[in-house]
Amino acid sequence: MPTRRLLIAALPLLFATAGCSSADLFAGPDPLGGPPSLAPETVVLSSAISAEEHLLAQYRSFLSGLSGRGAGRTTTLLTSLLSQHEDHLTQLKARLVVPPGYHASASASPGASASAGAASSVARLRAAEQASAATLTRQLTGVSPALAQLFASIAASDVTHAAALAAL
Amino acid sequence: MSFPAREALSAIDALQRALAAENAAIFGYGVAGARLSGNSRSAAVQYWTGHRQARDTLTGMITAKGGAPAAAAAYYRLPFAVNSAGAGMALAAQLEDGVTAAYLDLVAVADTRLRTFGALAMQAAAGRAAYWRGSTEAFPGLKFPPVR
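All values derive from a computational prediction rather than experimental measurement.

Calculation rules
- As a convention, each chain's residues are numbered from 1 in the sequence order in which they are written.
- Chain A is the first chain written and ligand 1 is the first ligand written, with later ones labelled in order.
- At least 70 in pLDDT is required for a residue's local features to be given in this predicted model, at least 80 for side-chain atom pairs to be given and counted, and no such filter applies to totals for whole chains, interfaces and linings, which use all residues.
- Think of it this way: any DSSP run of H or I at least four residues long counts as a helix, any run of E at least two long counts as a strand, and we number them from the N terminus.
- Each residue is represented by a C-beta atom placed from its backbone, and any two residues with such atoms within 7 Å are regarded as in contact.
- Put simply, a nonpolar core is a cluster of buried Ala, Val, Leu, Ile, Met, Phe, Trp, Tyr and Cys residues tied together by C-beta atoms within 7 Å.
- To assign burial, the other C-beta atoms lying within 10 Å of each residue's own C-beta are counted, with C-beta atoms placed from the backbone; 20 or more indicates buried, 12 or fewer indicates exposed, and intermediate counts indicate partly exposed.
- By the convention adopted, Pro, Cys, Tyr, Trp, Phe, Met, Ile, Leu, Val and Ala count as nonpolar, Lys, Arg, Asp and Glu as charged, and the other residues, Gly among them, as polar.
- To get an axis, a line is fitted to the C-alpha atoms, and for a helix only the part in contact is used. The angle between two axes follows their N-to-C directions and goes from 0 to 180 degrees.
- By definition in this entry, angles of less than 35 degrees are roughly parallel, angles greater than 145 are roughly antiparallel, angles of 65 to 115 are roughly perpendicular, and the rest are oblique.
- Should the near helix be turned anticlockwise from the far one by less than a right angle, the crossing is termed left-handed; should it be turned clockwise, right-handed.
- The quantity called pLDDT is the predictor's confidence in a given residue, expressed from 0 to 100.
- To estimate the expected span of a helix, subtract one from its residue number and multiply by 1.5 Å.

Visitor: Where do I start with the overall build of chain B in this structure?
Guide: Within chain B, the regular secondary structure consists of 4 helices and 0 strands. Walking chain B from its N terminus toward its C terminus, one meets helices and strands in the order α-α-α-α. When contacts within chain B are restricted to residue pairs at least 6 apart in sequence, those whose partners lie at least 24 apart make up 71%.

Visitor: Help me understand the overall build of chain A in this model?
Guide: Each helix and strand in chain A was counted, giving 5 helices and 0 strands. Put simply, of all contacts in chain A between residues at least 6 apart along the chain, 74% involve residues at least 24 apart.

Visitor: Is there a simple way to explain the nonpolar core in this structure?
Guide: Nonpolar side chains in soluble globular proteins tend to end up buried together. Ranked by size, the top nonpolar core spans 70 residues in total, and within it Phe 151, Ala 152 and Ala 155 of chain A together with Ala 18, Tyr 103, Leu 106 and Met 122 of chain B carry the most contacts. Elements represented by at least two residues in this core include exactly helix H2 (40-64), helix H3 (71-94), helix H4 (118-138) and helix H5 (145-166) of chain A together with helix H1 (11-33), helix H2 (38-64), helix H3 (85-107) and helix H4 (112-133) of chain B. If you tally residues by element for this core, the top one is H5 of chain A, at 12 residues. What Met 122 of chain B contacts, discounting residues up to four positions off in sequence, is Ala 152 and Ala 156 of chain A together with Thr 100, Tyr 103, Leu 104, Pro 140 and Gly 141 of chain B.

Visitor: I keep staring at the interface of chain A and chain B and nothing clicks. Help me out?
Guide: Size of an interface, as often reported, equals the accessible area lost when the parts are brought together. Counting residues at the interface gives 26 residues for chain A, matched by 28 residues for chain B. At the level of elements, H3, H4 and H5 of chain A are the ones that each hand at least two residues to the side of chain A that touches chain B. For the side of chain A that touches chain B, the element with the most residues is H5 of chain A, which contributes 14 residues. For the side of chain A that touches chain B, a count of residues per class yields 13 nonpolar, 11 polar and 2 charged.

Visitor: Before we go on, may I ask you to explain the packing of H3 of chain B against H4 of chain B in this structure?
Guide: The packing of two helices is summarised by the inter-axis angle and the distance between the axes. Residues and elements named next belong to chain B. At a minimum axis distance of 8 Å, the contact between H3 and H4 shows a crossing angle of 165°. By the angle between their axes, H3 is roughly antiparallel relative to H4. Read as a crossing pair, H3 and H4 show a hand that is left-handed. Looking at side-chain class alone, the contact of H3 with H4 contains 17 nonpolar, 2 polar and 5 charged residues.

Visitor: Please explain the confidence of the model for chain A as it appears in this structure.
Guide: Caution applies to low-pLDDT regions: their predicted coordinates should not be interpreted in detail. Residue-level pLDDT values for chain A average 80, and 70% of them are 70 or greater. By mean pLDDT, helix H1 (residues 4-17) of chain A is the weakest element of chain A at 52, and H5 of chain A is the strongest at 97.

Visitor: How should I be thinking about H1 of chain B in this particular structure?
Guide: In an α-helix there are 3.6 residues to a turn, and that puts residues three or four apart on one side. Taking 1.5 Å of rise per residue, 23 residues should cover 33 Å, and H1 of chain B covers 32 Å from first to last C-alpha, within 8% of that figure. Most of H1 of chain B is tucked away: 17 of the 23 residues are buried.

Visitor: How do you make sense of the environment of Arg 95 of chain A when you look at a structure like this?
Guide: Residue and element names in this part refer to chain A. Residue position: Arg 95 is located in the loop between H3 and H4. A tally of 18 C-beta atoms within 10 Å means that Arg 95 is categorised as partly exposed. Distance in space between the C-alpha atoms of Arg 95 and Thr 42 is 9.0 Å, their sequence separation being 53 residues.

Visitor: In this structure, what is going on with the environment of Pro 35 of chain A? I would like to understand it.
Guide: All names here are of chain A. Residue placement: Pro 35 occurs in the loop between H1 and H2. What makes Pro 35 exposed here is the crowd of 11 C-beta atoms within 10 Å. Through-space distance from the C-alpha of Pro 35 to that of Val 98 is 12 Å; in sequence the pair is 63 residues apart. Residues contacting Pro 35, with those up to four places away along its chain left out, are Pro 99 and Gly 101.

Visitor: Is there a simple way to think about H3 of chain A in this case?
Guide: Residues and elements named next belong to chain A. Under the 1.5 Å per step criterion, the end-to-end length of H3 is 34 Å for 24 residues, consistent within 8% with the ideal 34 Å. Of the residues making up H3, those classed as buried are Leu 78, Leu 81, His 85, His 88, Gln 91 and Leu 92. Against H2 and H5 lie the buried residues of H3.

Visitor: Quick question: what am I supposed to make of the confidence of the model for chain B here?
Guide: Here chain B averages 93 in pLDDT, and 91% of its residues register 70 or above. With a pTM of 0.83, the predicted complex shows an ipTM of 0.92.

Visitor: Help me understand the environment of Glu 137 of chain B in this model?
Guide: Residues and elements named next belong to chain B. Mapped onto the secondary structure, Glu 137 falls in the segment after H4. By the C-beta count within 10 Å, which is 19 here, Glu 137 ends up partly exposed. Separated by 121 residues in sequence, Glu 137 and Gln 16 have C-alpha atoms that sit 26 Å apart.

Visitor: Explain the packing of H5 of chain A against H3 of chain B here, please?
Guide: Axis separation between H5 of chain A and H3 of chain B bottoms out at 9 Å; the angle between their running directions is 140°. Here H5 of chain A is positioned oblique relative to H3 of chain B, judged by the angle of their axes. In this structure, the crossing between H5 of chain A and H3 of chain B has a hand that is right-handed. Where H5 of chain A abuts H3 of chain B, its residues Ala 148, Gln 149, Ala 152, Ser 153 and Ala 156 of chain A lie against Thr 100, Leu 104 and Val 107 of chain B. Per-class residue counts for the contact of H5 of chain A with H3 of chain B are 5 nonpolar, 3 polar and no charged.

Take a look at the structure:
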């Protein structure tokens with residue numbers, strides 16, 4: 001009669017000859033098959049975070065180049081809007097849970113350069129705000145109720161930003 | 001830190017809340033508009049008309065879903081005395097805040113078309129609130145502790 005030690009030693013051989021993989025030992029995903037893909041809501045949220053970071057970079061880039069006569073009113077407004085976008089980013093990031101080893105958020109790159117001219121950059125910021133609102137509104141359908149409400153609130157804020165920029 | 005989700009409502013309940021907010025806005029704009037003049041009064045009249053149209057739209061949506069649209073109240077308690085143009089504008093901003101928050105409930109329902117409808121209505125109301133207040137907000141319709 002085989003001993004228990006002999007049975008344990010023979011287990012890998014038994015699985016190999018039966019065509020079993022390590023995944024067959026567990027009810028869950030194969031631990032050797034690499035990490036599972038991110039949940040769809042995490043992907044959408046990551047995309048929203050990247051877009052918010054990009055918008056922030058545009059504001060910072062434009063503000064850093066603002067100077068001269070007439071810049072005061074523009075600077076005051078843009079600084080206020082920038083602060084609200086920072087609040088958006090904080091709330092979005094607070095909802096993101098990414099497993100270790102994933103890189104869910106791409107780095108942002110500046111878009112609107114102040115050197116391109118104040119008027120055209122304000123127009124570009126306005127267009128970016130409108131685009132952000134439209135994107136967030138489209139993304140409402142595939143996310144949880146709580147995240148949908150956050151997206152909708154940020155989209156509403158972006159629309160008011162666009163109107164404020166149009167009034168400059 | 002995150003913030004808690006608002007209470008999830010059925011589609012009809014969320015539509016009823018939006019309707020109630022529109023009815024309150026219709027009443028309130030009547031009070032606010034009486035204290036305004038010039039461009040502000042024109043804006044108040046335009047927005048009052050828009051709220052009446054929204055009321056009719058919501059009434060139709062509730063009826064189409066088999067619900068009974070709640071009637072407007074005969075009188076609404078105002079949050080403060082409206083005896084100046086400034087108070088009229090402040091009231092208008094507060095009314096729009098209420099409408100924005102009511103449509104936020106629609107964004108949480110399962111029906112994706114209603115979510116989009118609610119979000120677009122929020123954007124319009126938030127825009128009107130910003131007009132009256134003269135400034136924008138980071139999270140129209142939402143209330144939660146600031147995170148810094």
